[in-house]
Amino acid sequence: MRKMRVLEKTIVLVLLSMLLTSAWAQDLMERLRERMVKTQIENRGIEDPAVLAAMRKVERHRFVPASYVSRAYDDHPLPIGEGQTISQPYIVALMTEVLNLERSDKVLEIGTGSGYQAAILGELCDSVYTIEIVEVLGNRAADLLDELGYENVKVKIGDGYKGWAEHAPFDAIIVTCSPTQVPQPLRDQLAEGGRMAIPVGESDAQELVLLTKRMGKLRRDLIIPVRFVPMVDSTGATY
Ligand code: SAH
């Protein structure tokens, strides 16, 4: 009886993985991705052709748990385990667009999560550094990014509040977890002329802001109200 169950489960798993990698499934995912870009991203005003091309190219369904593959292109965040989420596609596109990236830019991401945003950045820039505090998530994302060939994306397990001093300064910084204030190390590690997209505020009222460094000072532009998971330290306390 027990043996049968194991066998049945194995067969179901094998069939499922065959189905997911089939040409039919690939085609379906591509159509869902195209619809996502048109309805959720272009229709809401994202115009940068490079950002749109990256959103069309990166297979978001590879970055979500198997049980959420069918919802990978839906208009909302999804759980990725460890109480964390992959951001809504529109928010990924918006944060990327406001950073106004150039190919030669060096970018730092805080909050690797699934690795999806890092892959989008990896499509657009020569060097991407990303930090994740939850080890299992960071390792999983690093393996996937490696498998997908993103040699220009480096993942580190650690506390992103502190930034990544050895690779600073960064032309752009994107923070995908929310502190109550902009961390001083991240302010310091932003290059002159650099841009930082960061959700700041209390857990129920965060604003996505764009900071631009000019002559050492940060200019602050409000983008939209958002809701991200909190930035935490290694003990789990919120910043
Ligand atoms: N950019 C991700 C979404 C991340 S969700 C994606 O594309 O999937 C936010 C992530 O920030 C979570 O994985 C969480 O563990 C991480 N995080 C929270 N505090 C952090 C910190 N201090 N340093 C680095 N990562 C942190």
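It should be noted that the structure appears before, not after, this text.
Rules used in this analysis
- Residues numbered from 1 in each chain as written.
- Predicted model: local features only at pLDDT ≥ 70, side-chain atom pairs only at ≥ 80, totals over all residues.
- Heavy atoms only, no water.
- Helix = DSSP H or I, 4+ residues; strand = E, 2+ residues; numbered from the N terminus.
- Buried < 20%, exposed > 50% of the residue type's maximum accessible area, 1.4 Å probe, protein only.
- Polar contact = N/O pair within 3.5 Å; in protein donor to acceptor, adjacent residues only side chain to side chain.
- Contact = heavy atoms within 4.5 Å.
- Near = heavy atom within 4 Å.
- Areas by Shrake-Rupley, 256 points an atom, 1.4 Å probe, with all protein chains shown as cover.
- Nonpolar A, V, L, I, M, F, W, Y, C, P; charged D, E, K, R; others polar.
- Axes fitted to C-alpha atoms, helices over the stretch in contact; angles between N-to-C directions.
- Left-handed = near helix turned anticlockwise from the far one by under 90°.
- Salt bridge = Lys/Arg side-chain N within 4 Å of Asp/Glu carboxyl O.

Caption draft 1: View of the side chain of T130. Structurally, T130 can be placed in strand β4 (residues 127-132). Given a relative accessible area of 0%, T130 falls into the buried group. A polar side-chain atom of T130 sits 2.8 Å from a polar atom in the side chain of E109. For T130, the side chain forms a polar contact with the side chain of T112, separated by 2.7 Å. When near neighbours in sequence (up to four residues on either side) are disregarded, T130 contacts E109, T112, A118, V153, K154, V155, K156 and W164.

Caption draft 2: Main features of the site of the ligand. Taken together, 26 residues form the shell around the ligand, and within it S114, E132, D159, G160 and V232 come nearest. Contact between the ligand and G111: a nitrogen atom at 3.0 Å from a main-chain N or O atom of the residue. D159 is positioned with one of its side-chain polar atoms (N or O) 2.8 Å from a nitrogen atom of the ligand. The protein chains hide 99% of the 580 Å² of surface that the ligand would expose on its own. The element that contributes the greatest number of residues to the shell around the ligand is strand β2 (residues 84-86), accounting for three residues. Taken together, the residues that form the shell around the ligand break down as 12 nonpolar, 11 polar and three charged.

Caption draft 3: Quick look at the packing of helix α2 (residues 23-42) against helix α3 (residues 49-57). Contact pair α2 / α3: the axes reach a minimum separation of 9 Å and the direction vectors enclose 145 degrees. When the axes of α2 and α3 are compared, the crossing they make is right-handed. Across the interface between the two elements, R33, E34, M36, V37, K38, I41 and E42 of α2 pack against L52, M55, R56 and K57 of α3. A breakdown of the residues in the contact of α2 with α3 according to their chemical character gives five nonpolar, no polar and six charged.

Caption draft 4: Up close: the pattern of salt bridges. Across all of its chains, the model carries nine salt bridges by this definition. Note that E34 is salt-bridged to R56, the shortest N-O span being 2.8 Å. Remark: R56 occurs in helix α3 and E34 occurs in helix α2; sequence separation between them is 22 residues. One salt bridge connects E147 with R62, and the closest N-O pair in it is separated by 2.7 Å. Taken together, the positions of E147 in helix α6 (residues 135-147) and R62 in the loop between α3 and β1 (78-81) put the pair 85 residues apart, joining distant regions of the chain. By relative accessible area, which is 32% here, R62 ends up partly exposed. Overlapping salt bridges, with partners in common, bring together E34, K38, E42 and R56 in one network.

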